[in-house]
Amino acid sequence: IVTLIVLALLNRVIKRYQGQIQTQATLDSLTELTNRRGFDLLAAQAMQEAQREPRPLTALLLDLDHFKALNDTYGHLAGDQVLIGFARDLESCLRHSDIVCRWGGEEFIVLLKDTDGDGGQVIAEKIRQHVERQPYAYNGNRLQLTVSIGLTTLLPDDTLHTLLSRADHAMYRAKQSGRNRICVELPHPAYEKA
C-alpha cells in the first residue's frame, strides 16, 4: 500500500512538471506572451476554424520602430522593460479570443478572430495610437515609441506561411513609408489563383 501511495504521488508530481515544461515551451519568457511554437499551434487551429465556417480572420504583424536605437542608447535592460510594457499594452487593446505572440526581437503577431479587414484596421489604429501616446519609463527616462503594423486577411486557400507573408510585406511597406503607420496588403491575383 505504501508503494502504491508513493507511486501515485510521484505520478502526480511528474504530471505537474510536465505541464509546467509544456507551458514554458510555448511562452516567451520575457513578455509571457505566446512564443512562435505556441503561436503555430494556436494559429493552425484558428485558421481551420475560420476556413471551415467560413469566418473572417485578420493578421497583424507589428514591429516597434527604431527599437535598435533605443537599445543602443539606453541599454538592453531598457529594451526589455519596453518589450514587457508593450506586451501588456498590446494585450489591453485586444479581446481574450485574439491570439497574440512575440514573434521575435521587437516583432509581434496578432490574429483577430471573427474580424474582417475593416474591423482589423480599427483595432490596428487603436494599438498604433495607444503606443504613440504611451510613455515607457526606465531609470527616470521617458521613452516614447511608435509601431509599424502590417495587416492582411485570411483567404480560403491560405496557409499560415502565405497569410504571414502578406502581413510581413505590408509591415515592411509601413516601415519604408515613414513608420508609425498601418499598411494593408490586399491579396494579389496570383494568391487568388494559387
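In what follows, the structure referred to is the one given above.
Here we summarise the structure given alongside this text.

1. With respect to the packing of helix H2 (residues 36-52) against helix H6 (residues 160-176)
- The contact between H2 and H6 brings their axes to 11 Å, and the two run at 100 degrees. Taken together, the axis directions place H2 and H6 in an arrangement best described as roughly perpendicular. Of H6, the residues touching H2 (which contributes Phe39, Asp40, Ala43 and Met47) are Leu160, Leu163 and Leu164.
- Considered class by class, the residues forming the contact of H2 with H6 number six nonpolar, no polar and one charged.

2. Examining the side chain of Glu185
- Note that Glu185 resides in the loop between strand E7 (182-184) and helix H7 (189-193).
- Engagement of the side chain of Glu185 in a polar contact is seen with the side chain of Arg173, the distance being 3.2 Å.
- Among residues more than four places away in sequence, those in contact with Glu185 are Leu151, Thr152, Arg166, His169, Ala170 and Arg173.

3. Observations regarding the environment of Ile1
- Position of Ile1 among the secondary structure elements: in the segment before helix H1 (2-26).
- C-alpha of Ile1 to C-alpha of Ser177: the two residues are 176 residues apart in sequence and 72 Å apart in space.

4. Observations regarding the packing of aromatic side chains
- One pass over the structure, following the stated rule, counts two aromatic pairs.
- Ring plane angle 85 degrees and centroid distance 5.8 Å describe the contact between Phe39 and Trp103, whose orientation is recorded as edge-to-face. Note that Phe39 is positioned in helix H2 and Trp103 in strand E2 (residues 99-104), a separation of 64 residues in sequence.
- Look at Phe39 and you get buried, because its relative accessible area is 0%.

5. Details of the sheet that holds strand E1 (residues 57-64)
- Strand order in the open sheet made by the five strands is E2-E3-E1-E6-E7, with mixed pairing throughout. Every interior strand has two partners, whereas the edge strands, E2 and E7, have only one. Ignoring strand direction, the axes of neighbouring strands in this sheet form an average angle of 20 degrees.
- Of the strands in this sheet, E1, E2 and strand E3 (107-113) are in contact with H2, which crosses E2 at around 140 degrees.
- Set on the sheet, H6 makes contact with E1, E2, E3, strand E6 (147-153) and E7; between it and E6 the angle comes to about 145 degrees.

Procedures and definitions
- What you see as residue numbers is a count from 1 along each chain, following the sequence as written.
- Selection of residues for local features in this predicted model requires a pLDDT of at least 70, selection of side-chain atom pairs for listing and counting requires 80 or more, and totals for whole chains, interfaces and linings are taken over all residues.
- Note: side-chain values were computed over all heavy atoms of the structure, leaving out hydrogens and water.
- In this analysis an axis means a line fitted to C-alpha atoms, helices contributing only their contacting stretch, and an angle means the value between N-to-C directions, from 0 to 180 degrees.
- Put simply, DSSP H or I for four residues or longer makes a helix, DSSP E for two residues or longer makes a strand, and each gets a number counted from the N terminus.
- Angle categories are assigned with fixed cut-offs, so that under 35 degrees is roughly parallel, over 145 is roughly antiparallel, 65 to 115 is roughly perpendicular, and the rest are oblique.
- It only takes one pair of heavy atoms within 4.5 Å for two residues to be counted as in contact.
- Residue polarity follows a fixed list, in which Ala, Val, Leu, Ile, Met, Phe, Trp, Tyr, Cys and Pro are nonpolar, Asp, Glu, Lys and Arg are charged, and the others, Gly among them, are polar.
- Here a polar contact means two N or O atoms within 3.5 Å. Within protein one must be a hydrogen donor candidate and the other an acceptor candidate, and residues neighboring in sequence count only if both atoms are side-chain atoms.
- Only rings of Phe, Tyr and Trp enter the pairing, Trp through its six-membered ring, and a pair is recorded when the two centres are within 6.5 Å. The plane angle decides the type: under 30 degrees is stacked, over 60 is edge-to-face, the rest tilted.
- Throughout this description, buried means an accessible area under 20% of the type-specific maximum (1.4 Å probe, protein chains only), exposed means over 50%, and partly exposed covers the range between.
- For two strands to be treated as a pair, DSSP must find no fewer than two bridges joining them.

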